[in-house]
Amino acid sequence: VERNPVEELIIPATWWEKGVMIRTMPAEGLAVDFAIHNGLRGDINALGGVDGLREFRQEFGGARAEDLAYTLRVKYSGINGLELGASLQQQKNMTQSHDLLVGGKAPATLLEVHADWHWQAFGLRALAAQWDIDNDVAKAIGTDQLVGFYIEPSYKINDKLGVFARYNNWNTAANVVAKDDDKQTNIGVNYWIEPRVVLKADI
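The present account deals with the structure reproduced in this document. Note that this is a predicted model, so its numbers are computed, not measured.

### Re the pairing of strand β5 (residues 108–119)
Next up, step 1: Pairing analysis gives 10 bridges linking strand β4 (residues 82–91) to β5, with the strands arranged antiparallel. Among the inter-strand pairings, L84 is bridged to a residue of β5, identified as A115.
Next up, step 2: Summarising the sheet, β5 and strand β6 (residues 122–133) pair through 12 bridges and their orientation is antiparallel. Each bridged residue has a counterpart across the sheet, and for W117 the counterpart in β6 is L124.
Next up, step 3: Counted along the chain from β5 to the antiparallel partner β6, the turn is two residues long, and its residue Q120 has a positive phi close to 55°.

Structure below.
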């Protein structure tokens, strides 16, 4: 099965970079993380493509880090079965360039919120994310904002078998006139061979 399109194209998840991070736990169940790291890098004209920001990841090796990124995350898990989280990322220059051909600098901000709740056999996960990019070229062509959300209810029939459904809604060029949001609905089944090994299928 594939990663859902919101976490793949908007955030993008499975993104690793070099940097430093500190964590504080000011109260039981509450964690606050702050990180400084290199950020995304790309030609701003590529914004709004079907791959969103996925190809902007530098992924550590050979990364350019003249313009750093800053990430703040707050996560609360003090209630059994519930996780609430919010992340804010500020990047000084997503293009990692001052070239006027790509509109010069591109300060960018990502805001993400999510909730993950489990009660007995029922589960519900929801996530929303939005990028705002301050760049002349991106504004001119309407690709200065990327947005997406999904909601995923699930039910575990027994220790071995579970079902889920997920509605995804996203737009990698939200300010382009007359560009409709992309939508996708998934229905799937999970089969646990043992507690740490699961087979998945969805349509």
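Okay, back to it.
### Quick look at unusual backbone geometry
Next up, step 1: Phi at Q120 is positive, roughly 55°, even though this residue is not glycine.
Next up, step 2: Looking at the secondary structure, you find Q120 in the loop between β5 and β6.
Next up, step 3: A positive phi angle, near 70°, is found at A178, a position not held by glycine.

### Describing the pattern of salt bridges
Next up, step 1: Under the criterion given, the structure shown has seven salt bridges.
Next up, step 2: Of the charged contacts, one joins D33 and R23 as a salt bridge, the two residues approaching to 2.7 Å between their closest N and O atoms. With D33 in strand β2 (residues 30–38) and R23 in strand β1 (residues 19–27), the pair connects residues that are 10 residues apart, well separated along the chain.
Next up, step 3: Look at D33 and you get buried, because its relative accessible area is 5%.
Next up, step 4: Under the relative-accessibility criterion, R23 is labelled partly exposed at 46%.
Next up, step 5: A salt bridge links D134 to K139; its shortest N-O distance comes to 2.8 Å.
Next up, step 6: It is possible to trace a salt-bridge network through shared partners that takes in E7, D116 and R125.

What counts and how
- Residues numbered from 1 in each chain as written.
- Predicted model: local features only at pLDDT ≥ 70, side-chain atom pairs only at ≥ 80, totals over all residues.
- Heavy atoms only, no water.
- Pairing = 2+ DSSP bridges.
- Helix = DSSP H or I, 4+ residues; strand = E, 2+ residues; numbered from the N terminus.
- Salt bridge = Lys/Arg side-chain N within 4 Å of Asp/Glu carboxyl O.
- Buried < 20%, exposed > 50% of the residue type's maximum accessible area, 1.4 Å probe, protein only.

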